[in-house]
Amino acid sequence: MKTANTESWSAELVRIGNQAVREAQTRNRQRGIPNWYSLNGKLVTDSPQTQATFGSVKKAR
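Conventions and cut-offs
Residues numbered from 1 in each chain as written. Predicted model: local features only at pLDDT ≥ 70, side-chain atom pairs only at ≥ 80, totals over all residues. Heavy atoms only, no water. Helix = DSSP H or I, 4+ residues; strand = E, 2+ residues; numbered from the N terminus. Buried < 20%, exposed > 50% of the residue type's maximum accessible area, 1.4 Å probe, protein only. Contact = heavy atoms within 4.5 Å. Expected span 1.5 Å × (residues − 1). Polar contact = N/O pair within 3.5 Å; in protein donor to acceptor, adjacent residues only side chain to side chain. Pairing = 2+ DSSP bridges. Salt bridge = Lys/Arg side-chain N within 4 Å of Asp/Glu carboxyl O.

Draft legend 1. Quick look at the overall build of the protein chain. Looking only at helices and strands, one finds two helices and three strands in the protein chain. Listing every helix and strand of the protein chain by position from the N terminus yields α-β-β-α-β. A buried classification covers 15% of the 61 residues belonging to the protein chain. Looking at the protein chain alone, contacts between residues at least 24 apart form 0% of all its contacts between residues at least 6 apart.

Right under this line is the structure:
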């Protein structure tokens, strides 16, 4: 059952999780580690070097 309290708690957990992911992605980029994502069932990366290595991997927008 949804209540204002549980929705607030859920929103706070999502906010904390999103912030942690953004920080981890930033640290990866600073260290040269590619970030990988699944978009519409396709594996994509934000690294141009990795795209050249894997050929069929799409670059994230």
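Draft legend 2. The side chain of Gln25, seen in detail. Its place among the elements puts Gln25 in helix 1 (residues 4-31). Overall, the relative accessible area of 17% leaves Gln25 in the buried class. If near-sequence neighbours (up to four positions away) are discounted, Gln25 is found in contact with Asn35 and Tyr37.

Draft legend 3. Representation of helix 1 within the structure. The end-to-end C-alpha distance of helix 1, which contains 28 residues, comes to 41 Å, matching closely the 40 Å that a straight helix rising 1.5 Å per residue would cover. Looking one or two residues past helix 1, Gly32 carries a phi angle of roughly 80°, positive in sign.

Draft legend 4. Molecular detail of the environment of Tyr37. When you line up the elements, Tyr37 lands in strand 1 (residues 36-39). Reaching out from Tyr37, the side chain makes a polar contact with the side chain of Gln25 at a distance of 3.1 Å.

Draft legend 5. Up close: the pairing of strand 2 (residues 42-45). Note: strand 1 against strand 2, four bridges, orientation antiparallel. Paired with Trp36 across the two strands is Thr45, which belongs to strand 2. Counting the residues that bridge the hairpin from strand 1 to strand 2 gives two residues, and of these Asn40 lies at a positive phi of roughly 55°.

Draft legend 6. Structural view of the pattern of salt bridges. A complete count under the given rule lists two salt bridges for this structure. For Glu12, the salt bridge goes to Arg15, with nearest N and O atoms at 2.7 Å. Here Glu12 pairs with Arg15, and both are found in helix 1, just three residues apart, close to one helical turn. Overall, the relative accessible area of 42% leaves Arg15 in the partly exposed class. Its salt-bridge partner being Asp46, residue Arg29 comes within 3.0 Å of it at the nearest N-O pair. Taken together, the positions of Arg29 in helix 1 and Asp46 in the loop between strand 2 and helix 2 (48-54) put the pair 17 residues apart, joining distant regions of the chain. Accessibility expressed as a relative area gives 45% for Arg29, which makes it partly exposed.

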